[in-house]
Structures are given as C-alpha cells and as structure tokens.
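Here's the letter readout for the chains.
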Amino acid sequence: MKTKKLDQLKLKQLKKIGATAYGLKKEETKRHTFRNAIIRFEDYTDYIMRITSLLEVCVLALDGEGDFYSKNLSHQSKTSSVQLVIEMVIELMPDGDMFQLEKIIAILENDTDYVHFPKQLKKQILKNQERYEKGKTHQ
C-alpha cells in the first residue's frame, strides 16, 4: 500500500474520532430516558478552568456558615446543592478525551501494539511493512 493511501486511511480514522455533535442527545436505558448535554469550550485550558471554578465554589459554599439568602433558593440546602455540583464535575472530567488522545497518538506513531489501535489500519500497516521487507530482500 502506498504511503498516500495509508495517510488517507489514517486521516479517515482521525476524522471518525473527532466527529462530534452538539446539543441534547436522547439516551434510553432500560428504566429511564436521559438527555445528554454537550457543552462547548474554547480549549482544554478553558475546560479545566471551569471545572476548577465549580469545585472552588463548592469549597467556598461548604466553608461558609450561612444558607442561601435568595427567595428563589431558600428551599435548597447548601449540602445538596454542593453535592449536585460535585457530581456534575465528576461527569465533566475528560476521561473519554484522554482515551481518544491515546488513540490519536498511537495512530500518529504507528503503535500497532496499542490495545485499541484500529484493526483495519493495523492490517494495512502490517501489509505495507511486509511488502517493504519483501522488496528489500529482493534487492
């Protein structure tokens, strides 16, 4: 396989990893139907800064002595509000992004030993290497 075709296959795999849709997406489980929200961030710095800010607000809320003073929030307890924010922060942690980043690095480095390396791409790379080795031995 020529290098150009291999690069096109890599690009196709990278585009597949990077394809995302925004907005609420319906997710049905056996018992419930949920909506997944996708939030846009400028970059990872913005992403981490917002998560950090949410956690800082929780720390400040737990550190304070009073409750909510707003009439709209008077029925809310500080503990339950902080708990909800912390649960949301846990869900916002970029676990999936780190997994995707590992896949991208593996593709760019031709690390076919990586457990989640795309199988089709791995086959093509190995075929390409075999052809190269055969051509090298015939010379």
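Our structure is the block above this text.
What comes next is a walk through the structure. What you see is a predicted model, and the numbers here were worked out from it, not measured in a lab.

**What to know about the overall build of the chain**
Here's step 1: Looking only at helices and strands, the chain has five helices and two strands in total.
Here's step 2: Here the chain holds 139 residues, and 18% of them are scored as buried.
Here's step 3: Counting contacts in the chain only where the partners sit at least 6 residues apart, residues at least 24 apart contribute 47% of the total.
Here's step 4: Carbon and sulfur atoms make up 55% of the accessible area of the chain, which amounts to about 11800 Å² in all.

**Focus: the packing of aromatic side chains**
The geometry of an aromatic ring pair is captured by the separation of the ring centres together with the interplanar angle, meaning the angle of the planes.
Here's step 1: Tallied over the full model, the rule gives two aromatic pairs.
Here's step 2: Each ring, one from F41 and one from Y47, has its centre 4.7 Å from the other, and the planes form 75°; the classification is edge-to-face.
Here's step 3: Taken together, a centroid distance of 6.1 Å and an interplanar angle of 90° make the contact between Y44 and Y47 edge-to-face. Of this pair, Y44 and Y47 both sit in helix α2 (residues 44-63), separated by three residues, roughly a single helical turn.
Here's step 4: What links up through ring pairs into an aromatic cluster is the set F41, Y44 and Y47.

**Looking at the nonpolar core**
Here's step 1: Residues L6, L9, I17, A106, I107, Y114, F117, L121 and I125 constitute the largest nonpolar core, which totals nine residues.
Here's step 2: For this core, the secondary-structure elements that each account for two or more residues are α1 (3-18), α4 (95-108) and α5 (119-138).
Here's step 3: By residue number, the principal contributor to this core is α1, which donates three residues.

**Notes on a positive patch on the surface**
Here's step 1: The grouping of K119, K123, K127, R131 and K134 at the surface amounts to a positive patch.
Here's step 2: Secondary-structure assignment places K134 in helix α5.
Here's step 3: On the basis of relative accessibility, which here comes to 54%, the residue K134 falls in the exposed class.

**Considering α2**
Here's step 1: Helix length check: α2, at 20 residues, gives a terminal C-alpha distance of 28 Å against a target of 28 Å (1.5 Å per residue), a fit within 8%.
Here's step 2: Turning to α2, its buried residues number three or more, namely D46, Y47, I51 and C58. Along the axis of α2, the buried residues cluster in a sector spanning 140°; they form a single face. Opposite the packed face of α2, turned more than 90 degrees from it, sit the exposed residues T45, M49, V59, L60 and D63.
Here's step 3: Backbone nitrogen of T45 and a side-chain oxygen of the N-cap are separated by 3.3 Å at the start of α2; the cap is D43.

Conventions and cut-offs
Residues numbered from 1 in each chain as written. Predicted model: local features only at pLDDT ≥ 70, side-chain atom pairs only at ≥ 80, totals over all residues. Heavy atoms only, no water. Helix = DSSP H or I, 4+ residues; strand = E, 2+ residues; numbered from the N terminus. Buried < 20%, exposed > 50% of the residue type's maximum accessible area, 1.4 Å probe, protein only. Contact = heavy atoms within 4.5 Å. Areas by Shrake-Rupley, 256 points an atom, 1.4 Å probe, with all protein chains shown as cover. Phe/Tyr/Trp six-rings, centres within 6.5 Å; stacked < 30°, edge-to-face > 60°. Core = buried A, V, L, I, M, F, W, Y, C linked by side-chain atoms within 4.5 Å. Patch = residues over 30% accessible without salt bridge, like charges linked within 9 Å, V, L, I, M, F, W, Y side chains within 5 Å. Salt bridge = Lys/Arg side-chain N within 4 Å of Asp/Glu carboxyl O. Lys, Arg positive; Asp, Glu negative; His and termini not counted. Charge placed at Lys NZ, Arg CZ, Asp CG, Glu CD. Expected span 1.5 Å × (residues − 1). Arc of directions from axis to C-beta. Polar contact = N/O pair within 3.5 Å; in protein donor to acceptor, adjacent residues only side chain to side chain.

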